[in-house]
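This is what each chain is made of:
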Amino acid sequence: YSSAITGATNTLTIPFGTCNVFSVDDIRLNTNTTILTVTGFANMATGQSMTLILGHTGVAGSRIQFPSGQGIWWAGGVIGASGSTSTIYPSSTKRYDMISFFDDGYRIFANYSLDFTQ
């Protein structure tokens, strides 16, 4: 995956159903209008789970999004606590986020721990 990202429309498709842990270690969102949208949840099946680890930096205004239309039920509410789209706001300091997903056959449930630093 290309680590330096510019432009307003970018997609990171997660390979659900092929592994239990997926890590993207060096995401760099280089402009204040850069959006990285995480997709791939349609490939999950009943009983599958996955942990996603994102390592990222970004300039103010950039963001990583999990759109509301993907049917994810977030423990504790959406990331970013605003609206229905979960949003991570990167900073100039490299951070890591761990997000765990589980498919019960009807819904995808997610739990997250954010802002780990090196």
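Just above, that's the structure.
In every chain, residue numbers begin from 1 and rise along the written sequence. Given that the model is predicted, a residue must reach a pLDDT of at least 70 before its local features are reported, and side-chain atom pairs must reach 80 or more before they are shown or counted; all residues, however, enter totals for whole chains, interfaces and linings. Side-chain figures throughout are based on the complete set of non-hydrogen atoms in the structure, without hydrogens or water.

A few points about the sheet that holds strand β3 (residues 21-29)
By the convention used here, strands pair only if DSSP detects at least 2 bridges between them. For helices the rule is a DSSP run of H or I covering at least 4 residues; for strands it is a run of E covering at least 2, with both sets numbered from the N terminus onward. Ordered by their spatial adjacency, six strands build an open sheet running β1-β3-β5-β9-β10-β7, and the pairing between neighbours is mixed. The sheet is open, and its two borders are formed by β1 (4-5) and β7 (72-74), each paired with just one other strand. Pairing of β1 with β3 involves two bridges; the strand directions are parallel. Pairing of I5 across the sheet is with L29, part of β3.

Side note on the nonpolar core
Throughout, nonpolar core names a set of buried Ala, Val, Leu, Ile, Met, Phe, Trp, Tyr and Cys residues whose side chains join them through atoms within 4.5 Å. Only protein chains enter the accessibility calculation, which uses a 1.4 Å probe; a residue whose area is less than 20% of its type maximum is buried, one above 50% is exposed, and one in between is partly exposed. By size, the foremost hydrophobic cluster in this structure holds 25 residues, and its most contacted members are F41, L54, F66, W74 and F101. Elements supplying a minimum of two residues to this core: β3, β4 (35-39), β5 (49-58), β6 (63-66), β7, β9 (95-103) and β10 (108-117). Not counting chain neighbours up to four residues away, the residues in contact with F66 comprise V38, F41, L52, L54, W74, T85, S86, I88, I99 and F101. Throughout, a residue-residue contact means that at least one pair of heavy atoms, one from each residue, lies within 4.5 Å.

Observations regarding the side chain of R95
Positionally, R95 belongs in strand β9. Judged by relative accessible area, R95 falls into the buried class, the value being 15%. Two N or O atoms form a polar contact when they lie within 3.5 Å of each other; inside protein one atom must be a possible hydrogen donor and the other a possible acceptor, and for residues adjacent in sequence the pair counts only when both atoms belong to side chains. Among the polar contacts made by the side chain of R95, one reaches the main-chain carbonyl oxygen of Y89 at a distance of 2.5 Å.

Section: the sheet that holds strand β8 (residues 86-88)
Adjacent strands of a sheet pair through backbone hydrogen bonds, lying either parallel or antiparallel. The strand order across the open sheet formed by four strands is β2-β4-β6-β8, and the pairing between neighbours is mixed. In this open sheet, the two strands that pair with only one neighbour each are β2 (10-13) and β8. Each adjacent strand pair in this sheet contributes to an overall mean axis angle of 25°, direction not counted. Only the stretch in contact is used when fitting a helix axis, every axis being a line fitted to C-alpha atoms; angles between N-to-C directions are given from 0 to 180 degrees.

As for the packing of aromatic side chains
Centres within 6.5 Å are what make two rings of Phe, Tyr or Trp a pair, Trp counting through its six-membered ring; a difference in plane orientation under 30 degrees is then read as stacked, over 60 as edge-to-face, and the rest as tilted. Within the structure shown, the criterion is met by eight aromatic pairs. Measuring from ring centre to ring centre gives 5.0 Å for F41 and F101, while their planes differ by 55°; the resulting arrangement is tilted. A residue pair is termed long-range when its members are at least 10 positions apart, and F41 in the loop between β4 and β5 and F101 in strand β9 qualify at 60 residues. With respect to class, F41 is no different from F101; both count as buried. Summarising the aromatic geometry, the rings of W74 and Y112 are spaced 5.8 Å apart at their centres and angled 65° between planes, so their arrangement reads as edge-to-face. Of this pair, W74 sits in strand β7 while Y112 is found in strand β10, placing the two residues 38 residues apart along the sequence. Aromatic rings pair up to connect F16, F41, F66, W74, F101 and Y112 into one cluster. In this analysis the charged atom, NZ for Lys or CZ for Arg, is taken to sit over a ring once it is within 6 Å of the ring centre and within 35 degrees of the ring normal. The ring of W73 carries R107 above its face, with NZ or CZ at 4.3 Å from the centroid.

Some words on the pairing of β10
Of the strand pairs in this sheet, β7 and β10 are connected by three bridges, and their pairing is parallel. Each residue of the ladder has a partner; that of W74, found in β10, is A110. Looking at chain direction, β9 and β10 are connected through eight bridges and run antiparallel. When the sheet's bridge partners are listed, M98 is paired in β10 with S113.

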